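So the chains spell out like this:
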Amino acid sequence: MLLRGRPWEMELRPGRGGRITSLRLDGEELLEQGIGIDDPGAAGFVDGGAFGWDEMVPTVDATETLPDHGEAWRLPWEVLEQGAASVLMRCLGRVVPWELGRRIELDEGRVRVSYTYTNRGTSPHYAYWCGHPLFRFEAGMEIGVDGGARLAELADGVSQKSFLAPGSVDRARLAWRSGVAIELAWDVSVTPYVGVWVCNGDLGGYRQVAIEPATGGYDRPDSSTPAPWLWPGEELRWWLEVRDAR
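So, how was this worked out
- Residues numbered from 1 in each chain as written.
- Predicted model: local features only at pLDDT ≥ 70, side-chain atom pairs only at ≥ 80, totals over all residues.
- Heavy atoms only, no water.
- Salt bridge = Lys/Arg side-chain N within 4 Å of Asp/Glu carboxyl O.
- Core = buried A, V, L, I, M, F, W, Y, C linked by side-chain atoms within 4.5 Å.
- Buried < 20%, exposed > 50% of the residue type's maximum accessible area, 1.4 Å probe, protein only.
- Pairing = 2+ DSSP bridges.
- Helix = DSSP H or I, 4+ residues; strand = E, 2+ residues; numbered from the N terminus.
- Polar contact = N/O pair within 3.5 Å; in protein donor to acceptor, adjacent residues only side chain to side chain.
- Contact = heavy atoms within 4.5 Å.
- Phe/Tyr/Trp six-rings, centres within 6.5 Å; stacked < 30°, edge-to-face > 60°.
- Lys NZ or Arg CZ within 6 Å of the ring centre and 35° of its normal.

Draft legend 1. Looking closely at the pattern of salt bridges. Going through the model one piece at a time under the given rule, you end up with 29 salt bridges. Arg90 serves as the salt-bridge partner of Glu99, at 3.8 Å between the closest nitrogen and oxygen.

Draft legend 2. Fine view of the nonpolar core. The biggest cluster of nonpolar side chains holds 56 residues, and the ones touching the most others in it are Ile104 and Ile143. Ranked by size, the runner-up nonpolar core spans 15 residues in total, among them Tyr193, Cys199, Tyr206 and Ala214.

Draft legend 3. Expanded view of the sheet that holds strand β7 (residues 86–92). Ordered by their spatial adjacency, eight strands build an open sheet running β6-β7-β8-β9-β20-β16-β15-β13, and the pairing between neighbours is antiparallel. Either end of the sheet is taken by a strand with one partner, and the two such strands are β6 (78–82) and β13 (142–143).

Draft legend 4. How the structure looks around the side chain of Gln208. In this fold, Gln208 is placed in strand β18 (residues 206–214). On the accessibility criterion, Gln208 (2% relative accessible area) is buried. Reaching out from Gln208, the side chain makes a polar contact with the side chain of Glu32 at a distance of 3.2 Å. Here the side chain of Gln208 touches Ala50 through a polar contact of 3.1 Å, landing on its backbone oxygen.

Draft legend 5. Quick peek at the environment of Leu75. For Leu75, the position within the fold is in the loop between β5 (53–56) and β6. Assessed through its relative accessible area of 6%, Leu75 is described here as buried.

Draft legend 6. Quick look at the environment of Thr59. Checked against the element boundaries, Thr59 lands in the loop between β5 and β6. When the C-alpha positions of Thr59 and Pro221 are compared, they lie 6.3 Å apart, and in sequence the two are 162 residues distant. With near-sequence residues (within four places) excluded, Thr59 lies in contact with Leu66, Pro67, His69, Gly70, Tyr128, Asp219, Arg220 and Pro221. In this structure the side chain of Thr59 is engaged in a polar contact, spanning 3.4 Å, whose partner is the backbone oxygen of Asp219.

Draft legend 7. Expanded view of the packing of aromatic side chains. Counted by the stated rule, this structure contains six aromatic pairs. Relative to Trp73, the ring of Phe45 lies with its centre 5.2 Å away and its plane at 90°, an arrangement referred to as edge-to-face. A residue pair is termed long-range when its members are at least 10 positions apart, and Phe45 in helix α1 (residues 45–48) and Trp73 in the loop between β5 and β6 qualify at 28 residues. Each member of the pair, Phe45 as well as Trp73, carries the same accessibility label: buried. For the ring pair Tyr115 and Trp129, a centre distance of 4.8 Å and an interplane angle of 50° mean the geometry is tilted. Taken together, the residues Tyr115 in strand β9 (residues 110–119) and Trp129 in the loop between β10 (125–126) and β11 (130–133) connect sequence positions 14 residues apart. The exposure class assigned to Trp129 is buried, which follows from its relative accessible area of 0%. Three or more aromatic residues joined by ring pairs make a cluster, and in this case those are Tyr115, Trp129 and Trp238. In this structure, Arg19 packs its charged tip against the face of Phe51, placed 4.3 Å from the ring centre.

This is the structure:
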């Protein structure tokens, strides 16, 4: 599936976890394109191919009942509406009875992604979501978070995950040597927890940087840093934007 809304182009695969496989700004690819592995049936996310942009629901870390990086990246998504520069999709959980709706809209200055999480079960649960856009990493690029200059010089073959203070920021800038730059902005009132992942050739050769806003802390539903508690039928809404920052 291809969306176009100048200066943006986006490619998606609804049957492959709803994955956004490509996001281009005036023709320049922003997302990590992987190392040639693409197996959504793999037990682990990295083994399945860690590239593009996925939604992590209802966990990132594997638990006793939930798979690595959650369910959404390995389940098919349904396309409800589609236009030239927009799409509305949804996915339904199996282990946990969640529904995630995602509307993507491309326009001149931004890509806006609007989310709706609904508890489709008969008992309450934590509404955990984490955005997982894996952007291209290149040494010396601008990573606009606390400690970003150090992360931009990460040694070859090394990866690192860190977490920002909850609610401390609501946007971060990424810029590449070509001059292309974006600002990732998020709804801090609902997604105050933010992880920062940088991989410079680790895990088989991936080179990626991710700014990962989430509804709950530390990569899983956890009562110490809880995601919102939703009763059956309740909804949670929030947004994420990629803005042209050249």
